[in-house]
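Descriptive analysis of the structure
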Amino acid sequence: MTLQQEIVGNAMQMAVVSLQPGQTVYCEAGKFLFKTVNVTMETRLSGPSNNGGGQQQGGGGGMGGMLRQAMGTAMQVGQRMLAGESMAFQYFSAQGGEGTVGFAGVLPGEMRALELDGGRAWFAEKDAFVAAESTVDFGIAFQGGRTGMSGGEGFILEKFTGRGTVIIAGAGNFIDLNPADFGGRIEVDTGCVVAFEEGIQYGVQRVGGLNRQGLMNAVFGGEGLSLATLEGNGRVILQSLTIESLANALKKAQGGDKQGPTGGLFSTNAG
């Protein structure tokens, strides 16, 4: 059953979802806005693939099954905490007829509904996830120590698999690109990546070499030392506003601009 949803609004969009009886959608804690009275809400630590319903997939029940289930939930919670995500999910189901529930991101910007067909997975930067059908599995993907640590972002990604609709949000406006249309590779600010399809190779590279121009880029260019690289053939979603630039703008408006006159390595904002 396809999730009926509508993205509404402009500068700060929200998703309005129409739930059919027996249909369940879940969101990260803090992304819920409103619901009709016939929609139940339940908060759980477990994700949709380990929903705590007490039914074991293979193997026996009893204490051993309960222990395995508890360990699986603890591992999920630990991964989400490591990624800086919320510990719990909120689940919504309609009872006795169609119900409505609304969700939103936490920054001014766009939202996007992605349709998963059981084939390619989708990856997103942390905090991009808003809500998804219960048939979509939410996981954490580790991009690799060298890539993530050198870029400051992208070390830990959200991963969505299964079939159904997943709703993500970002800051500013979205642009959809395919690296294959640009010679197979694009380079972007590390804070501009929102999401990309499985099959896209995501990495981080140093801006220029350790020469005069490379140092000028790093110190005065506003990008620091690294850029994100996206290679392959598949959909990529970028955002026009980064969290760091928004934070710096707010600090400047409050008279506490700590970015410095150059905007590069002299910025004291850790992101």
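Rules of the game
- Residues numbered from 1 in each chain as written.
- Predicted model: local features only at pLDDT ≥ 70, side-chain atom pairs only at ≥ 80, totals over all residues.
- Heavy atoms only, no water.
- Helix = DSSP H or I, 4+ residues; strand = E, 2+ residues; numbered from the N terminus.
- Buried < 20%, exposed > 50% of the residue type's maximum accessible area, 1.4 Å probe, protein only.
- Contact = heavy atoms within 4.5 Å.
- Areas by Shrake-Rupley, 256 points an atom, 1.4 Å probe, with all protein chains shown as cover.
- Pairing = 2+ DSSP bridges.
- Axes fitted to C-alpha atoms, helices over the stretch in contact; angles between N-to-C directions.
- pLDDT = per-residue confidence, 0-100.
- Salt bridge = Lys/Arg side-chain N within 4 Å of Asp/Glu carboxyl O.
- Core = buried A, V, L, I, M, F, W, Y, C linked by side-chain atoms within 4.5 Å.
- Phe/Tyr/Trp six-rings, centres within 6.5 Å; stacked < 30°, edge-to-face > 60°.

Further remarks concern the overall build of the chain. Scanning the chain from N- to C-terminus turns up four helices and 18 strands. The buried share of the chain, reckoned over its 271 residues, is 44%. At a minimum sequence separation of 6, the contacts of the chain that also span at least 24 residues come to 78%. Only carbon and sulfur atoms are counted for the fraction: they give 54% of the accessible area of the chain, which is about 13700 Å².

Ordered by their spatial adjacency, three strands build an open sheet running 14-17-16, and the pairing between neighbours is antiparallel. Where the open sheet ends on each side, the last strands, each with one partner, are strand 14 (185-188) and strand 16 (201-206). Between one strand axis and the next, the sheet turns by 30 degrees as a mean value, whatever way the strands run.

Moving on to the confidence of the model for the chain. When pLDDT is low, close inspection of the predicted coordinates is not appropriate. Scored by pLDDT, the chain has a mean of 79; 68% of the residues are at 70 or more. Here helix 2 (residues 145-151) is the element of the chain with the lowest mean pLDDT, 43, and strand 18 (residues 236-239) is the one with the highest, 97. The low-confidence segment residues 50-59, where pLDDT is below 50, has 14 contacts with residues more than four positions distant or belonging to other chains. Taken as a whole, residues 144-154 scores under 50 in pLDDT and shows 21 contacts with residues more than four places along the chain or in a different chain.

Further remarks concern the pattern of salt bridges. In this structure the tally under the stated criterion is seven salt bridges. Close ionic contact of Asp 176 with Arg 235 constitutes a salt bridge, the shortest N to O distance being 3.8 Å. A residue pair is termed long-range when its members are at least 10 positions apart, and Asp 176 in strand 13 (residues 174-177) and Arg 235 in the loop between strand 17 (226-231) and strand 18 qualify at 59 residues. Residue classification places Asp 176 among the partly exposed residues on the basis of a relative accessible area of 38%. Residues joined in a network through salt bridges with shared partners are Arg 112, Asp 176 and Arg 235.

Okay, the pairing of strand 9 (residues 122-125) next. Of the two faces of strand 9, the one holding Trp 122 and Ala 124 and the one holding Phe 123 and Glu 125 are both buried throughout. Where strand 9 lies against strand 12 (residues 156-169), four bridges are found, and the strand directions are antiparallel. What sits directly across from Phe 123, in strand 12, is Lys 159. As judged from the three bridges shared by strand 9 and strand 15 (residues 193-197), these two strands associate in the antiparallel manner.

Turning to the environment of Val 39, a few remarks are in order. Note that Val 39 resides in strand 5 (residues 39-44). Through-space distance from the C-alpha of Val 39 to that of Tyr 91 is 9.7 Å; in sequence the pair is 52 residues apart. The residues touching Val 39, leaving out its near neighbours within four places in the chain, are Leu 19, Phe 92, Ser 93, Ala 94, Gly 99 and Thr 100.

This next bit is on the nonpolar core. Core analysis: the biggest nonpolar cluster contains 21 residues, and Tyr 26, Phe 129, Phe 160, Val 166 and Ile 168 have the highest contact counts within it. Among the elements that line this core, the one with the most residues is strand 12, at four residues. The residues contacting Val 166, other than those within four sequence positions of it, are Arg 112, Ala 113, Leu 114, Leu 116, Phe 129, Ala 131, Ala 132, Val 136 and Phe 160.

Tracing the backbone shows Thr 165 in strand 12. Beyond its immediate chain neighbours, meaning those up to four positions away, Thr 165 contacts Leu 3, Gln 5, Ala 113, Leu 114, Glu 115, Ala 131, Ala 132, Glu 133 and Val 136.

Once that is clear, we can look at the environment of Val 16. Secondary-structure assignment places Val 16 in strand 2 (residues 14-19). When residues no more than four places from it in sequence are discounted, the contact partners of Val 16 are Gln 4, Gln 5, Glu 6, Val 8, Phe 34, Thr 100, Val 101 and Gly 102.

The next subject is the packing of aromatic side chains. Enumeration according to the criterion identifies 12 aromatic pairs in this entry. Taken together, a centroid distance of 5.3 Å and an interplanar angle of 50 degrees make the contact between Phe 196 and Tyr 202 tilted. Each member of the pair, Phe 196 as well as Tyr 202, is classed as buried. Among the aromatic residues, those joined into a ring-pair cluster are Tyr 26, Phe 89, Tyr 91, Phe 129, Phe 138 and Phe 160.

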